[in-house]
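Examining the three-dimensional arrangement
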Amino acid sequence: DGDIFRFPGLCNYVFASHCNAAYEDFNIQIRRTVVGNTPAISHITMKLEVRKYLAFLLPFLRVQLPYSQSGITIEKSNIYMKVISKLGIVLMWNEDDSILLELNEKYANQTCGLCGDFNGIPIYNEFYSNTLQFGNMQKMDGPTENCEDPTYSFPDNCTDNFDNICQKTLSSSAFAECNDLVDVSKYITACQEDLCRSEESKNASCICDTFAEYSRQCAHAGGEPLNWRNTKLCPKTCPQNMQYQECGSPCTDTCTNLERSQFCEEHCMDGCFCPTGTVFDDINNSGCIPLQQCPCIYNGNIYAPGTSFSAQCHSCTCNGGQWSCQDLPCPGICSVEGGSHISSYDKKHYNVHGDCTYVLSKVGINDTFIILGELRKCGLTDTETCLKTVALTNVTIFRPSSFFIILQTNFGVQLEIQITPIMQVFVRLDPIFKDQTCGLCGNFNDVQADDFKAMSGVVEGTAAAFANTWKTQASCPNIQNSFENPCALSIENEKYAQHWCGLLTNSKGPFADCHYAVNPSIYHTNCMFDTCNCEKSEDCLCAALSSYVRACAAKGIQLSGWRTDVCSKYTTSCPKSLNYSYTIHSCQPTCRSLSEPDVTCNIKFVPVDGCTCLNGTYMDDSGKCVPANTCPCYYRGSPITFGEVVRENGLPFLTALTSFLPLVCEYPMVYFDCRNITAGTTGAECQKSCHTLDMQCYSTQCVSGCVCPAGLVLDGKGGCIPEEECPCIHNEAMYQPGEKIKVDCNTCVCKDRMWECTNNPCLGTCAVYGDGHYITFDDKRFSFNGNCEYTLVQNHCGKNSAVNGTFRVITENIPCGNTGTTCSKSIKVFLEVNRFSLLKLEKHHVSAVKRGQKGQVPFTVRYMGTYLVIETTSGLILMWDKKTSIFIKLSPDFKGQICGLCGNYDGNGINDFTTRSQSMVENVLEFANSWKVSSICPDADCIKDPCSTNPYRKSWSEKQCSIINSNIFAACHSQVEPGKYYQACVTDACACDTGGDCDCFCTAVAAYAQACSEVGVCIAWRTPSICPLFCDYYNQQGECEWHYKPCGASCMKTCRNPSGKCLHNLPGLEGCYPNCPPDKPYFHEDQMKCVSLCDCYDNEDGKIYRRDELIASCTSFSMSAQDLHFFFSITGMITTTPATTVCVKKICTWSEWYDSTQPEKGEDSGDYETFENLRHKGYSVCKNPSSVECRAKEYPDTLLQNLNQTVSCSQSTGLICNNKDQQSKHCYNYEIRILCC
């Protein structure tokens, strides 16, 4: 409360504690000591209640600084040790004699200890006795301690013969601003006492401590003390080339965060800071350097300015702490792994459990090339599928090892087919085919979001629906969505998979060297599924591990030795005379290559592993490795024994397949018999259906079977219909010609089996929900849960970030649970640049901390169900469920102009992991850590798996979260893939182990429900026993206005928005909504009830004024009730005319700076900027000025009281300065400006 007292006690005392409350949030105790006549704080103990059942005690076990965990951050600057708690507590200690505690205002009237009761009134309750007794009452002895109370005595030999240094220093120009903010008199008294005692103790530094404390209190009050120290008075030195400042920004610009200081919320503090024009080198820790000399970091390596690195698809140069990168032509890679896992050219990963031949990839109408892949069921379960065949025409085939076959074309396509332990295929496509392909491998346009685009013209919602459009045979069954978790079927299989697949993500395992280049998470997920799902678990495990090894090899990283402890049987089971090799990057040495050139030896391919011939031996036609001298000769490809000459032409051969099909077909289908037909005739294998009408038939031979009569095609229901009657198909549903569907913000109409869609630009969406699950604007998904503040999205990107940026959104996790799980978030929204506005969203509320220029409020706030929605004038929309779910929507105008954890919104999810320094990385931790707001906060070092930490919760979590895969959400399963949401739900429900179980589970399910709502599927999933919302809470007794709406309501008439017209047509947001009756048509968002008349909302200051509150001069007049304004009658008279009260706000503006007269020489002269003189000179001066400001024209930045002149600056008359009143006998030339309202 601002009082100052002296207490010399050296025992253990309560410095401040939380009292007068049901539970103690904090208790801080200190112990002082005197060493060599110098007092110091020797011990600080802090108890901080971070979450229920868990407290932190400081000091505890030694930790590495900076430290951040479970809501506690400990960091060290060059002056202070700082402890920050998300409870609203900041403690700073200079590791010597000074400790400073800042508390959130929520603790007002709830504190005890030496710091007082925080009731805003000095010397109230605290000192009902004297200060010595008050201090002694805060003593807390240890169990066996009996510390003596101090006694107070003032030095007898103290004199007043000082040089008045206390008064001079604390009243000097350095503290001019402070003197207006913090009463200086008691500090002067304390300083003089210190001087007295310093004569006794021979410690003259005591007064420095008092000066420093006054400076700190000034900064805490919002002032900016100037440098009062000098070489003789309390000097300070700084390390390296830093400079000491009394008031510097604690948010230091560094090489890794060049704009940290631009959006600093903290008040200034004393310490060592970088000189103007430099930033701190937090990479090499070399002190302060010019921005241009900042190094860069990539993959843990430091690069000096000007140096470069090249990756497979881009090259980057370090330029002043930022990477400047250029894209290079890059081949497309598509793969089918594990019989069901497909990765497109644009790196979209999805699963398909097919049972047909599918088009993997093709180019053009005339099929420049086409690659077919046959997937078939091959195990005990429907989800165990295998790749059986791959087809491609016009190829060169060779086998570099026993594990792989290479198919090479002369038109830019290469297939790498793995055959051991199971069949997998990797397609490598030349960049010339960019944006020309289609099929299961996608369209190769660097945009993941449209990889599921079907030939009909719309993007399918699920992998199954998309894959069904690329069947080549109408007779194949459609793929069905499967939600089965094969690991749940066998505990032993699950443990086996967890152990061996865990090697992929182990930071010290055999695959760790590749983590920076290839993210192992998707490979780990596939490995777990395949290992649990396959009959031959080890084969599928080894195939999954080898897939990751191959992906690393494609990036130029060879992982030798990974088979040492796993899948080692393949290194010892090579045929006799062959040897296993981890890295084979050229053709197999063969006997044939000794006689004639081997064209395959000029083909470059990604290195593979497998069995190959030893050095000096060659493979003969029987597959054995033999010495060169035992190889036969070859002529035109045929082996010739020694001395023999044979001439013959090679003959083609065919393999015939026999089918056994029924001879009787159901009406209207007829049987087609392939016997006795002309060559080239196709049979039942080319039967068309509405699904495959646009698909070319790829037939190797005629197949007999049931077909539709001529001119008819299968309708997908067992019947035959004319081709022109085929419907449009989208997400497995059929639509007749003329029917419409909604795709995002566009409308599509069915016409001739194709969709014709409008092309309106739609808002992009970034979602963050639960325990750190992110979906970027470009639909890249990842999980990250750090303990710092992170930049979610901003348009301050690249070199000109400070100039071009208009918004920034920062989030911070509020933890709970022993695993550090997030239970809520705090959000900060910075708007504009020069004079930014700051919005804080925390604890279910929004508050405007700072306002923009001229008090503007560049945002609107409205409540939609459980969500708080903020719409800004810059085009940013933020929706927050007041817990952990955040949805950010942006106009397409921002495409490619943003950065942060939400990605760059350029349509390409591949490059979303772009760091603050503009380098593209694969590692989630490296990406996310780069977007920390403060470089002091420690990096997150691992992605946790709470179900492994809390295995006892896993079965409960899986059972609860199965609602996502149940029939309750069946209508949505064909629109939005539920798999990722289910897995996130299980993870979060495992993590909430100390309360909040239902919150974590309910938030995860609500995230999937919201995704369904966005595509137009409304799911009413809440029940009285599953995540209920108690809407009746808002109903007044006997009323029934409030109801739960699972997909929200349209834009409502509210007191903040009386027109009922919203800026953006946002998707429905679930929650409690009122049905306002006609006599109360407006929803009062602050009172949460329907009203007939509203209060006054001031859009400029953001405040709400009650109808009975006089805020300014007001006028009475009649107007219609629909105008929703109110008036306050000044006279208090009751009028008979129905009148609506109207708030009339006082609008005030400052004039320009006026200078009507100049002082002349002589004692009778001066400067007289009076209102009378100003009006006489033609300046506009209102009749009753509300305020005035005066300044010296030569010293515009110096306060009037610091000019050492006697001047009158009056609101009633103006400015008067007489020469005769001045020591110099001459007035400065003054200016005045006037506030008129």
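Residues numbered from 1 in each chain as written. Predicted model: local features only at pLDDT ≥ 70, side-chain atom pairs only at ≥ 80, totals over all residues. Heavy atoms only, no water.

Topologically, Gly637 is positioned in the loop between strand 35 (633-635) and strand 36 (638-640). Here Gly637 falls in the partly exposed class, since its relative accessible area comes to 26%. Expressed as a C-alpha distance, the spacing of Gly637 and Ser595, which sit 42 residues apart in the sequence, is 9.3 Å. When sequence neighbours within four positions are dropped, the list of residues in contact with Gly637 reads Arg592 and Glu596. (Helix = DSSP H or I, 4+ residues; strand = E, 2+ residues; numbered from the N terminus. Buried < 20%, exposed > 50% of the residue type's maximum accessible area, 1.4 Å probe, protein only. Contact = heavy atoms within 4.5 Å.)

Bringing the state of the cysteines into the picture now. Scanning the entire structure with this criterion turns up 47 disulfides. In this model Cys251 forms its disulfide with Cys264; the gap between the sulfur atoms is 2.0 Å. Residues Cys251 and Cys264 share a disulfide whose torsion about the S-S bond is about 60°; that sign makes it right-handed. Highlighted residues: Cys251 in the loop between strand 11 (243-248) and strand 12 (269-273) and Cys264 in the loop between strand 11 and strand 12, separated in sequence by 13 residues. On the basis of relative accessible area, Cys251 is assigned to the buried category, the value being 3%. One disulfide in the model links Cys1055 with Cys1094; its S-S distance is 2.0 Å. (Disulfide = S-S within 2.5 Å.)

It is worth spelling out the pairing of strand 27 (residues 404-408) at this point. With respect to burial, strand 27 is a largely interior element, four of its five residues being buried. Alignment of strand 26 (residues 396-401) against strand 27, held across four bridges, turns out to be antiparallel. Bridge pairing in strand 27 places Ile397 opposite Leu407. Where strand 26 folds back onto strand 27 in an antiparallel hairpin, the turn is made up of two residues. (Pairing = 2+ DSSP bridges.)

What follows covers the sheet that holds strand 48 (residues 781-783). Pairing between the strands of a sheet is mediated by backbone hydrogen bonds and can be parallel or antiparallel. Strand order in the open sheet made by the seven strands is 48-47-46-57-56-55-54, with antiparallel pairing throughout. Whereas interior strands pair on both sides, the edge strands pair on one side only; in this sheet they are strand 48 and strand 54 (859-864). Each adjacent strand pair in this sheet contributes to an overall mean axis angle of 15°, direction not counted. Here four bridges tie strand 55 (residues 867-872) to strand 56 (residues 876-880), and the two strands are oriented antiparallel to one another. Within the sheet, the bridge partner assigned to Glu871 lies in strand 56 and is Ile877. (Axes fitted to C-alpha atoms, helices over the stretch in contact; angles between N-to-C directions.)

So, about the nonpolar core. Ranked by internal contacts, the top residues of the largest apolar core, which has 49 residues, are Ile888 and Leu890. With four residues, the single largest contributor to this core is helix 13 (residues 924-929). Those residues in contact with Leu890 that lie beyond four places of it in its chain are Leu763, Gly764, Phe777, Val793, Phe807, Gly875, Leu876, Ile898 and Tyr905. Among the nonpolar cores identified, the runner-up in size contains 46 residues, and Cys985, Ala1006, Ala1011 and Val1017 belong to it. (Core = buried A, V, L, I, M, F, W, Y, C linked by side-chain atoms within 4.5 Å.)

Okay, the sheet that holds strand 67 (residues 1208-1210) next. Pairing is antiparallel in the open sheet, where three strands are placed in the order 65-68-67. Of all the strands in the sheet, the pair left with one neighbour each is strand 65 (1166-1170) and strand 67. Adjacent strand axes in the sheet meet at a mean angle of 10° when their direction is disregarded. Of the pairings in the sheet, the one linking strand 67 to strand 68 (residues 1214-1218) comprises three bridges and is antiparallel in character.

What follows deals with the pattern of salt bridges. Applying the stated criterion to the full structure yields 33 salt bridges. One salt bridge connects Glu246 with Arg229, and the closest N-O pair in it is separated by 3.6 Å. Residue Glu246 is found in strand 11, and its partner Arg229 is found in the loop between helix 5 (206-220) and strand 11; the two are separated by 17 residues along the sequence. The same class applies to Glu246 as to Arg229, namely buried. The closest approach of N and O atoms between Asp621 and Arg592, which form a salt bridge, is 3.4 Å. (Salt bridge = Lys/Arg side-chain N within 4 Å of Asp/Glu carboxyl O.)

Before going further, it helps to spend a moment on unusual backbone geometry. Cis geometry is found at the peptide bond from Leu65 to Pro66, where omega equals 0°. Structurally, Pro66 is set in the loop between strand 4 (54-58) and strand 5 (67-69). Following Thr420, the chain continues to Pro421 via a peptide bond in cis, the omega torsion being 5°. Along the chain, Pro421 turns up in the loop between strand 28 (413-418) and strand 29 (424-429). In this structure, Met1088 is a non-glycine residue whose phi angle is positive, near 55°. Along the chain, Met1088 turns up in the loop between strand 60 (1082-1084) and strand 61 (1089-1091). Since its relative accessible area comes to 23%, Met1088 is described here as partly exposed.

The next point concerns the packing of helix 8 (residues 521-533) against helix 9 (residues 537-554). Relative to each other, helix 8 and helix 9 sit at 165°, their axes nearing to 8 Å. With respect to helix 9, the axis of helix 8 lies roughly antiparallel. Here the hand of the crossing between helix 8 and helix 9 comes out right-handed. Side by side, helix 8 and helix 9 meet where Tyr523, Cys527, Asp530 and Thr531 of the first sit next to Ser537, Cys540, Leu541, Ala544, Leu545, Ser547, Tyr548 and Ala551 of the second. In the contact of helix 8 with helix 9, the residues fall into eight nonpolar, three polar and one charged. (Parallel < 35°, antiparallel > 145°, perpendicular 65-115°, else oblique. Left-handed = near helix turned anticlockwise from the far one by under 90°. Nonpolar A, V, L, I, M, F, W, Y, C, P; charged D, E, K, R; others polar.)

Looking now at the packing of helix 15 (residues 954-961) against helix 17 (residues 979-991). It is at 8 Å that the axes of helix 15 and helix 17 come closest, and there the two elements cross at 140°. In terms of orientation, helix 15 lies oblique with respect to helix 17. Here helix 15 runs over helix 17; the crossing is right-handed. Contacts between helix 15 and helix 17 involve Lys954, Trp956, Ser957, Glu958 and Cys961 from the first element and Tyr982, Cys985, Val986, Ala989 and Cys990 from the second.

So, about the side chain of Arg563. Of note, Arg563 is situated in the loop between helix 9 and helix 10 (569-572). Classification of Arg563 as buried rests on a relative accessible area of 3%. Separated by 2.9 Å, the side chains of Arg563 and Asp609 make a polar contact. Non-local contacts of Arg563, meaning those with residues more than four positions away in its chain, are made with Phe403, Ser568, Tyr570, Thr571, Tyr580, Tyr582 and Asp609. (Polar contact = N/O pair within 3.5 Å; in protein donor to acceptor, adjacent residues only side chain to side chain.)

Right, let's get into the packing of aromatic side chains. Overall, the coordinates contain 42 aromatic pairs when judged by the stated rule. On the numbers, 5.3 Å between centres and 90° between planes, the contact of Phe784 with Tyr790 is edge-to-face. For Tyr790, a relative accessible area of 3% gives the class buried. Centroid distance Phe807 to Phe894: 5.2 Å. Interplanar angle 85°. Geometry classified as edge-to-face. Of the two residues, Phe807 sits in strand 50 (residues 807-816) while Phe894 sits in the loop between strand 57 (886-890) and helix 13, which places them 87 residues apart along the sequence. On the accessibility criterion, Phe807 (0% relative accessible area) is buried. In textbook terms, an aromatic cluster arises when at least three aromatic residues are bridged by ring pairs, as seen for Phe175, Tyr187, Phe211, Tyr214 and Trp228. Positioned above the aromatic ring of Trp1153 is the side chain of Arg1191, whose terminal nitrogen or guanidinium carbon lies 3.9 Å from the ring centre. When the ring centre of Trp1150 is taken as reference, the NZ or CZ atom of Arg1233 above it lies at 4.4 Å. (Phe/Tyr/Trp six-rings, centres within 6.5 Å; stacked < 30°, edge-to-face > 60°. Lys NZ or Arg CZ within 6 Å of the ring centre and 35° of its normal.)

Before going further, it helps to spend a moment on the pairing of strand 54. Walk down a regular strand and you will see the side chains alternate between the two sheet faces. Where strand 54 and strand 55 come together, six bridges link them in antiparallel fashion. If you follow Val861 over to strand 55, its bridge partner there is Ile870.

With that out of the way, let us pick up helix 9. Since the α-helix packs 3.6 residues into each turn, any two residues three or four apart lie on the same face. A rise of 1.5 Å per residue sets the reference length of helix 9, with its 18 residues, at 26 Å; its end C-alpha atoms lie 26 Å apart and thus fit the reference within 8%. Taken across its 18 residues, helix 9 has 17 buried, putting it largely inside the fold. Taken from the residues just after helix 9, Gly556 is the one with a positive phi, measuring 90°. (Expected span 1.5 Å × (residues − 1).)

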